[in-house]
Amino acid sequence: MGQKKDLTGSEKSKIVRYLAEGCSSLKIAKLLKRDHRTIKRFIQNSQQGRKKRVEKPRRKITAHELRKVKRAAAKMPLDATSLAIFQSCNITGVPKSTRCAILRDMAKVRKAERRPPLNKTHKLKRQDWAKKYLKTDFSKVLWTDEMRVSLDGPDGWARGWIGKGQRAPVPLRRQQGGGGVLVWAGIIKDELVGPFRVEDGVKLNSQSYCQFLEDTFFKQWYRKKSASFKKNMIFMQDNAPSHASKYSTAWLARKGIKEEKLMTWPPCSPDLNPIENLWSIIKCEIYKEGKQYTSLNSVWEAVVAAARNVDGEQIKTLTGSMDGRLLSVLAKKGGYIGR
């Protein structure tokens with residue numbers, strides 16, 4: 001057997017397979033017609049594994065300086081680099097690698113929370129709400145909400161795989177996302193109500209909100225329902241000022257939506273509204289592959305098309321998740337449950 005310098009990929013695979021079958025290195029050498037030393041060297045190198053990274057010695061930072069860094073990081077959690085944090089503490093001469101290593105020992109790089117903070121009162125009200133509606137038939141609840149969509153998408157953090165030698169696409173950037181469209185919709189059992197578009201330039205206060213409901217929800221959907229359906233339906237809306245005002249409450253009462261037919265809503269609770277998940281489905285569809293729009297009408301048409309693609313089973317899954325959400329709220333003592 002002649003000695004060769006390198007093993008081929010096929011030979012290495014065969015060695016692994018023969019070892020798994022219990023063959024000795026000598027037998028493998030005979031089977032592959034390779035030098036025994038070459039086989040043994042490959043097996044030894046494979047068993048050694050990767051070498052551990054050797055940490056370089058850091059510049060020494062005193063305990064007092066560490067406390068100053070920790071306080072500084074807590075004061076500016078989102079808008080400060082490692083350099084800015086150390087400079088605010090008058091600590092100079094520390095290389096970036098050391099600064100980042102020190103900060104990693106006491107902190108993590110995280111995004112800002114997009115949900116409102118919950119205090120003790122909020123948590124108690126969420127628990128009271130869950131107990132109140134624990135035995136509710138949620139197939140009779142109409143869950144409503146508004147969503148704003150912009151021409152440029154929800155944010156500028158889109159990422160994707162870019163082929164070697166290709167340039168990343170440059171998205172259009174416009175002031176305020178190029179403007180947007182305000183959309184209202186509702187879901188009940190396995191049915192989607194809407195979506196309906198709020199007229200451009202209209203700011204939703206109590207009066208305009210009620211007029212909007214009259215022109216869309218009541219005239220185009222609610223009036224077509226049977227008397228028994230109207231009698232059992234429960235209307236849900238969040239605590240936006242235009243929703244929860246005395247004017248809006250009195251107007252809905254004149255429409256027959258009052259008392260037990262109007263669901264009370266706990267503060268700071270978007271995670272409890274299943275229509276928020278519908279908005280996520282629609283936004284993922286209309287902004288997929290970094291899609292952007294050139295006019296408000298085109299983004300509205302995309303919303304309508306995406307809403308039509310949401311089938312009844314998806315909606316039923318969302319509305320049918322309420323029992324689990326209530327139990328999660330109680331289990332977490334009013335804390336956030338995610339969506």
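Residues numbered from 1 in each chain as written. Predicted model: local features only at pLDDT ≥ 70, side-chain atom pairs only at ≥ 80, totals over all residues. Heavy atoms only, no water.

Caption draft 1: Representation of the overall build of the protein within the structure. Counting its regular elements, the protein contains 15 helices and 4 strands. Within the protein, the proportion of its 339 residues that are buried is 39%. The long-range fraction of contacts in the protein, counting pairs at least 24 apart against all pairs at least 6 apart in sequence, stands at 75%. For the protein, the accessible area works out to roughly 22,300 Å², and carbon and sulfur atoms hold 51% of it. (Helix = DSSP H or I, 4+ residues; strand = E, 2+ residues; numbered from the N terminus. Buried < 20%, exposed > 50% of the residue type's maximum accessible area, 1.4 Å probe, protein only. Contact = heavy atoms within 4.5 Å. Areas by Shrake-Rupley, 256 points an atom, 1.4 Å probe, with all protein chains shown as cover.)

Caption draft 2: Looking closely at the pattern of salt bridges. Across all of its chains, the model carries 10 salt bridges by this definition. Two residues, Lys 225 and Glu 191, come together in a salt bridge whose shortest N-O distance is 3.4 Å. One end of the pair, Lys 225, is in the loop between helix H8 (206–220) and helix H9 (227–232); the other, Glu 191, is in strand S3 (residues 191–197), and 34 residues separate them in sequence. On the accessibility criterion, Lys 225 (23% relative accessible area) is partly exposed. Residues Asp 200 and Arg 197 are paired through a salt bridge, measuring 2.8 Å at the closest nitrogen-oxygen approach. Taking the relative accessible area as the measure of exposure, Asp 200 reaches 41% and is therefore partly exposed. Sharing partners across several salt bridges, the network here consists of Glu 214, Arg 223 and Lys 255. (Salt bridge = Lys/Arg side-chain N within 4 Å of Asp/Glu carboxyl O.)

Caption draft 3: Structural context of the packing of helix H4 (residues 63–75) against helix H6 (residues 96–106). The interhelical angle for the contact between H4 and H6, taken along N-to-C directions, is 75 degrees, at an axis separation of 11 Å. Between H4 and H6, the crossing angle belongs to the class labelled roughly perpendicular. Contacts between H4 and H6 involve Leu 66, Val 69 and Lys 70 on the former and, on the latter, Ile 102, Leu 103 and Met 106. Grouping the constituent residues of the contact of H4 with H6 by class yields 5 nonpolar, no polar and 1 charged. (Axes fitted to C-alpha atoms, helices over the stretch in contact; angles between N-to-C directions. Parallel < 35°, antiparallel > 145°, perpendicular 65-115°, else oblique. Nonpolar A, V, L, I, M, F, W, Y, C, P; charged D, E, K, R; others polar.)

Caption draft 4: Layout of the environment of Arg 223. Structurally, Arg 223 is set in the loop between H8 and H9. Setting aside residues up to four positions removed in sequence, Arg 223 forms contacts with Glu 214, Phe 218 and Lys 230. Separated by 3.1 Å, the side chains of Arg 223 and Glu 214 make a polar contact. (Polar contact = N/O pair within 3.5 Å; in protein donor to acceptor, adjacent residues only side chain to side chain.)

Caption draft 5: Structural context of the sheet that holds strand S2 (residues 180–188). The mixed open sheet is built from 4 strands, whose spatial order is S3-S2-S1-S4. Each edge of the open sheet is held by one strand with a lone partner, namely S3 and strand S4 (234–236). Strand-to-strand twist across the sheet, computed as the mean angle between neighbouring axes with direction ignored, equals 20 degrees. The pairing of S2 with S3 spans 5 bridges and is antiparallel. Note on S3: the bridge partner recorded for Ile 188 is Glu 191. Docked against the sheet, H8 engages strand S1 (141–150), S2, S3 and S4, running at close to 135 degrees with respect to S3. Sheet contacts for helix H13 (residues 296–308): S1, S2 and S3; angle to S3, the most-contacted strand, approximately 175 degrees. (Pairing = 2+ DSSP bridges.)

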